[in-house]
Amino acid sequence: MKKKILFLVSLTLLFFVACDDDESNGEYAEYLVARPIVMSQAEFAASVDIIAPRPIDESGKIYTYKDYIFVNDKHQGIHVINNANPQQPVKIGFIKIPGNVDISIKDDFLYADSLMDLVVLDISDINNIKQVNRLENVLYSNVFWPMEADIFEYEDYDYQTEILIGWETITERRLISEVEEGIGRGFFFDNVAVAEAANDGGSGQGGSLARFKIVADYLYAVDNHNINIFNISDLDNPKELEDVYAGFDIETIFNRDNHLFLGSMRGMYIYDITNPAKPEFVSEFEHGTACDPIVVDGNYAYVTLRGGNWCGATESGLFIVDISNIESPELAISYPMDGPYGLGIKGEKLFVCDGDSGLKVYDKTDINDLKQLNHFEDIVTFDVIPLENQLIMVGDEVLYQYEYLDDGIKLISQIGLK
């Protein structure tokens, strides 16, 4: 059965729609409209493919391994970049993986989510990447509703034979009377099918926004509520273990020594992985409701909180949490930010991607008196990876690389992904 459904999140959103005086009389206004990206179930089952480089649609998370950078194209796959020469990176291919958001790599085996499936690729020959395994229905689907949208439309979406792999949003002018009439028809979820579960040696490095993390012979993959655990001692044949319930709105994962640090919209959760197959809860730090990645260095965890939109909180900031007593983390100090995403640490330098406000670099020698070393203001920033010799950052479909200086950093290259 196919239907066209008009779905509106809330009547209150209409009060935030900008319109001219002429439009306030019941004519037109602008709305953010979301439409599903779908593919047939049969196509999804055989969807992984390696093709020539192509323009990126929406840059997501980044990952580095050996001389390569992998950039996620949200819900579509992974762009592969040869970074043997950081001053002249070269795009060499695209791995099509519908529904992909995260990856992690160990000893030439790449693990990637494809909605509810875990895909394993052999990348030992980067020019001849091969799929070697696919574990079906072992992950929770990571397709999230774009809650910033005013209207959801389903055009000829056959929920019985098609799978929802993502969303596209666009601003459109609509008759206010038609939109208001649509609200009266209520909420329509009955016929909407979102794809879910049906019937350190050779590892790479991800950014602070990662949901995947390899520690020794284990891959940890967090979803909204759980730590999904896989034994990857047999690299091309992961074994799914019993997952661990971890809380609500889990967003990111970070590892230091025998601890996992989980970032959620409600706080930071700390788990002990002395027994790697069975993480045990240690403690938590609550910070209200906001989006938050985490990095840890020494006795402190650095957490960026982004307010606004669906993140919940109204204010954004950098929280520095004292974890010297791992069982009782406490806030040491906080600094205001505009709209931060990822962050990273190299030595005494702290790098914060403050969204539209650019990349900010601090000297964190004294956490109570952070000193700003650089501020790259005219760029949009998303996430960073501090490597041994250079910093890699992605934002607004551009990949940037910087070299470290004694008193800051300097841009050495940038490559457009579009």
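Residues numbered from 1 in each chain as written. Predicted model: local features only at pLDDT ≥ 70, side-chain atom pairs only at ≥ 80, totals over all residues. Heavy atoms only, no water.

Below, the discussion takes up the pattern of salt bridges. This structure, assessed with the given rule, holds 18 salt bridges. The residue Glu-172 makes a salt bridge to Arg-35 at a minimum N-O spacing of 2.9 Å. Taken together, the residues Glu-172 in strand β13 (residues 162-175) and Arg-35 in strand β2 (residues 28-40) connect sequence positions 137 residues apart. The shortest N-O distance in the salt bridge between Asp-297 and Lys-364 comes to 2.7 Å. Pair noted here: Asp-297 is in strand β24 (residues 294-297) and Lys-364 is in the loop between β30 (359-363) and β31 (371-376), with a separation of 67 residues, a long-range link. Judged by relative accessible area, Asp-297 falls into the partly exposed class, the value being 28%. (Salt bridge = Lys/Arg side-chain N within 4 Å of Asp/Glu carboxyl O. Helix = DSSP H or I, 4+ residues; strand = E, 2+ residues; numbered from the N terminus. Buried < 20%, exposed > 50% of the residue type's maximum accessible area, 1.4 Å probe, protein only.)

Before going further, it helps to examine the confidence of the model for the chain. Per-residue confidence for the chain gives a mean pLDDT of 85, with 84% of residues at or over 70. Counting interchain partners and residues more than four positions distant, the pLDDT-below-50 stretch residues 1-24 has 60 contacts. With pLDDT under 50 throughout, residues 184-199 is counted as low confidence; its partners more than four residues away or in other chains account for 33 contacts. (pLDDT = per-residue confidence, 0-100. Contact = heavy atoms within 4.5 Å.)

Read from one edge of the open sheet, six strands run β3-β7-β6-β5-β4-β14, paired in antiparallel fashion. Both edges of this open sheet fall to β3 (49-51) and β14 (205-206), since each of them pairs with a single strand only. As judged from the five bridges shared by strand β4 (residues 59-65) and strand β5 (residues 68-73), these two strands associate in the antiparallel manner. What sits directly across from Tyr-63, in β5, is Phe-70. (Pairing = 2+ DSSP bridges.)

The next subject is the pairing of strand β34 (residues 398-405). With respect to burial, β34 is a largely interior element, six of its eight residues being buried. Relative to β34, strand β33 (residues 390-395) runs antiparallel, the two sharing six bridges. Note on β34: the bridge partner recorded for Val-394 is Leu-399. Between β33 and β34, which pair antiparallel and follow one another directly, the connecting turn spans two residues, one of which, Asp-396, has a positive phi of 55°. Inspection of the sheet shows β34 paired to strand β35 (residues 408-416) by eight bridges, in the antiparallel sense. Looking at the pairing, Gln-401 lines up with Ser-413 of β35. Here β34 folds back onto β35, and the loop between the two strands holds two residues.

With that settled, consider the sheet that holds strand β25 (residues 300-305). Consider a sheet: its strands pair through backbone hydrogen bonds, and that pairing is either parallel or antiparallel. Reading across the sheet, the four strands line up as β24-β25-β26-β27 and stay open at both edges, with antiparallel pairing between neighbours. Edge strands, defined here as strands with exactly one partner in the open sheet, are β24 and β27 (330-337). Direction aside, the axes of adjacent strands within the sheet are offset by 20° on average. Here β24 runs beside β25; their pairing, made up of four bridges, is antiparallel. In the strand pairing of β25, Val-296 is matched with Ala-301. (Axes fitted to C-alpha atoms, helices over the stretch in contact; angles between N-to-C directions.)

In this section: the packing of aromatic side chains. Two descriptors summarise a pair of aromatic rings, namely the distance from one centre to the other and the angle between the planes of the rings. Following the criterion strictly, the structure yields seven aromatic pairs and no others. For the ring pair Tyr-400 and Tyr-402, a centre distance of 6.5 Å and an interplane angle of 25° mean the geometry is stacked. Per residue, the accessibility class of Tyr-400 equals that of Tyr-402, and both read buried. Through pairs of rings, three or more aromatic residues link up here, namely Phe-376, Tyr-400 and Tyr-402. Positioned over the ring face of Phe-94 is Arg-54, at 4.1 Å from the centre of the ring. (Phe/Tyr/Trp six-rings, centres within 6.5 Å; stacked < 30°, edge-to-face > 60°. Lys NZ or Arg CZ within 6 Å of the ring centre and 35° of its normal.)

Bringing unusual backbone geometry into the picture now. In this structure, Asn-137 takes a positive phi of about 60° despite not being glycine. Secondary-structure assignment places Asn-137 in the loop between β11 (130-135) and β12 (151-157). One non-glycine residue with positive phi stands out, namely Asp-257, at about 55°. In this fold, Asp-257 is placed in the loop between β20 (250-256) and β21 (259-264).

Another point: the side chain of Ser-114. Relative to the assigned elements, Ser-114 resides in strand β9 (residues 109-114). Judged by its relative accessible area of 0%, Ser-114 is buried. There is a polar contact of 2.7 Å between the side chain of Ser-114 and the backbone oxygen of Pro-98. Beyond its immediate stretch of four places on either side in the chain, Ser-114 contacts Phe-44, Ile-97, Pro-98, Gly-99, Val-119 and Arg-134. (Polar contact = N/O pair within 3.5 Å; in protein donor to acceptor, adjacent residues only side chain to side chain.)

What follows concerns the environment of Glu-348. Along the chain, the position of Glu-348 falls in the loop between β28 (343-346) and β29 (349-353). In this structure Glu-348 comes out as partly exposed when scored by relative accessible area, which is 41%. Among the polar contacts listed, one links the side chain of Glu-348 to the backbone nitrogen of Thr-365, at a separation of 3.5 Å.

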